[in-house]
Amino acid sequence: MISTSLKLTISSLAICLTLSVSHLRSAAQNIVEPKDTPSDWSKPYAPFCIVGNVYYVGTYDLACYLIVTEKGNILINTGLANSEQIIGDNIKKLGFKLSDTKILLTTQAHYDHMGAMANIKKATGAKVLVNVNDAQVMKDGGSSDYALGNGVKTYAPLNPDGLLRDKALISLGSTRLVMLDHPGHTKGSCSYMLAVKDKAKTYKVLIANMPTIVTDKKFNEVDAYPNIEKDYARTLKAMKALSFDIWLASHANQFNLHQKHKPSAGYNPTAFVDKKGYEKALADLQRAFDKKVLGKPSN
Ligand SMILES: [Zn+2]
């Protein structure tokens with residue numbers, strides 16, 4: 001027989017549990033990933049070594065890069081919220097540990113690259129470094145984003161541990177990355193350049209944030225981002241002037257990963273040497289920009 005006081009304790013515990021479950025649910029409900037996200041973007045994808053100490057650990061389309069150093073690892077981009085498991089499994093399949101992640105970076109503070117970052121930070125204690133111009137949007141979970149925000153969080157907010165400015169150097173072990181400020185897509189979109197050695201040679205690797213246009217509005221109607229047109233123009237110019245050997249990007253489809261690499265293929269960094277593909281992608285983006293500004297393509 002259960003005593004009255006024990007019954008009371010059990011029922012108040014039940015209320016307590018109900019309250020905390022509904023609290024969790026409402027906290028999760030505050031975060032809404034856009035419904036038009038293509039479902040194949042976040043499908044699992046087999047991880048592989050791109051070149052030297054740089055590995056692809058992302059999903060089918062949401063590129064995430066693990067850079068392995070003797071002092072722990074750097075993870076760039078984290079896909080959607082539900083990509084956390086896939087990224088963790090991919091890192092393990094390669095023989096590395098998620099818990100060795102020391103630095104977390106993003107190429108842009110949009111939900112499809114930031115989704116799992118807050119949880120991975122919690123799990124690993126890694127430091128989040130962000131381009132200063134994306135710091136605010138990262139802190140509010142994307143709700144202040146000029147195009148995708150509308151006051152709604154699209155990913156778990158997160159307080160960065162450090163702010164980066166153009167050409168900032170990020171070092172871990174013997175690896176050095178340079179952050180390149182490439183704004184437009186978000187106010188703090190950026191690319192990373194690093195030198196990667198393998199047994200044969202040293203490659204200059206560019207992890208690029210391609211300046212695709214997000215807003216349907218005319219640039220001069222984007223009140224939340226008065227410099228948007230100037231920023232895109234500056235980014236396009238800066239990106240055309242970059243020199244590198246290997247080109248990677250925030251989305252697999254932007255650098256044609258699936259044409260360049262089959263999951264069964266062995267180590268082949270030269271598959272990603274593709275200056276022509278990069279130039280064509282930038283020329284297409286320049287045309288899209290010109291069309292937006294002039295109302296027609298410039299050529
Ligand atoms: Zn984006």
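Here is a short report on the structure shown in this document. This one's a predicted model, so the numbers in the text were calculated from it and none came from an experiment. (Residues numbered from 1 in each chain as written. Predicted model: local features only at pLDDT ≥ 70, side-chain atom pairs only at ≥ 80, totals over all residues. Heavy atoms only, no water.)

## What to know about the pairing of strand β6 (residues 127–131)
Here's step 1: A large share of β6 lies buried, amounting to four of its five residues.
Here's step 2: Judged from the two bridges that link them, strand β5 (residues 101–105) and β6 form a sheet pairing that is parallel. Note on β6: the bridge partner recorded for Ile 103 is Lys 127.
Here's step 3: Sheet topology note: the β6/strand β7 (residues 162–164) ladder contains three bridges and is parallel. Residue pairing for β7: Val 130 is matched across the bridge by Leu 163. (Buried < 20%, exposed > 50% of the residue type's maximum accessible area, 1.4 Å probe, protein only. Helix = DSSP H or I, 4+ residues; strand = E, 2+ residues; numbered from the N terminus. Pairing = 2+ DSSP bridges.)

## Comments concerning the packing of aromatic side chains
Any pair of aromatic rings gets described here by the distance separating the centres and the angle formed by the planes.
Here's step 1: Using the criterion set out here, one finds 13 aromatic pairs in the structure.
Here's step 2: Judged by centre distance (5.9 Å) and plane angle (35 degrees), the rings of Phe 219 and Phe 289 are tilted. With Phe 219 in the loop between β11 (202–208) and α6 (228–240) and Phe 289 in helix α8 (residues 275–294), this pair connects stretches of sequence that are 70 residues apart.
Here's step 3: Considering the side-chain rings of Phe 244 and Tyr 278, the 4.7 Å spacing of their centres and the 80 degrees angle between planes classify their relative orientation as edge-to-face. With Phe 244 in the loop between α6 and β12 (246–249) and Tyr 278 in helix α8, this pair connects stretches of sequence that are 34 residues apart.
Here's step 4: Tyr 278 gets classed as buried once you look at its relative accessible area, which sits at 0%.
Here's step 5: Through a chain of ring-to-ring contacts, the aromatic side chains of Tyr 45, Phe 48, Tyr 56, Tyr 60, Tyr 65, Phe 255 and Phe 272 assemble into a single cluster.
Here's step 6: Directly above the ring of Tyr 60 sits Lys 43, whose terminal nitrogen or CZ lies 4.7 Å from the centroid.
Here's step 7: In this arrangement the basic side chain of Lys 292 is found over the ring face of Phe 219, its NZ or CZ atom lying 5.7 Å from the centre. (Phe/Tyr/Trp six-rings, centres within 6.5 Å; stacked < 30°, edge-to-face > 60°. Lys NZ or Arg CZ within 6 Å of the ring centre and 35° of its normal.)

## Focus: the coordination of the zinc ion
Here's step 1: Binding of the zinc ion to the protein goes through Gln 108 (OE1), His 110 (ND1) and His 185 (NE2), at separations of 2.2 to 2.3 Å.
Here's step 2: Donor residues binding the zinc ion come from one chain and are separated in sequence as Q-x1-H-x74-H. Placement of the pair is Gln 108 in the loop between β5 and α3 (111–114) and His 185 in the loop between β9 (175–181) and β10 (190–197), with a sequence separation of 77 residues. Note on accessibility: Gln 108 and His 185 belong to one class, buried. (Donors = N, O, S within 2.8 Å, 3.2 Å for Na, K, Ca; no water.)

## So, the sheet that holds β5
Within a sheet, neighbouring strands are paired by backbone hydrogen bonds and run either parallel or antiparallel to one another.
Here's step 1: As summarised here, the arrangement of the seven strands in space is β1-β2-β3-β4-β5-β6-β7, forming an open sheet in which the pairing is mixed. Edge positions in the sheet fall to β1 (48–51) and β7, since each has one partner strand and no second. Across the sheet, the axes of successive neighbouring strands diverge by a mean angle of 30 degrees, strand direction being ignored.
Here's step 2: Strand contacts of helix α4 (residues 117–124): β4 (72–76), β5 and β6, with the helix running at about 160 degrees to β5, the strand carrying the most contacts. (Axes fitted to C-alpha atoms, helices over the stretch in contact; angles between N-to-C directions. Contact = heavy atoms within 4.5 Å.)

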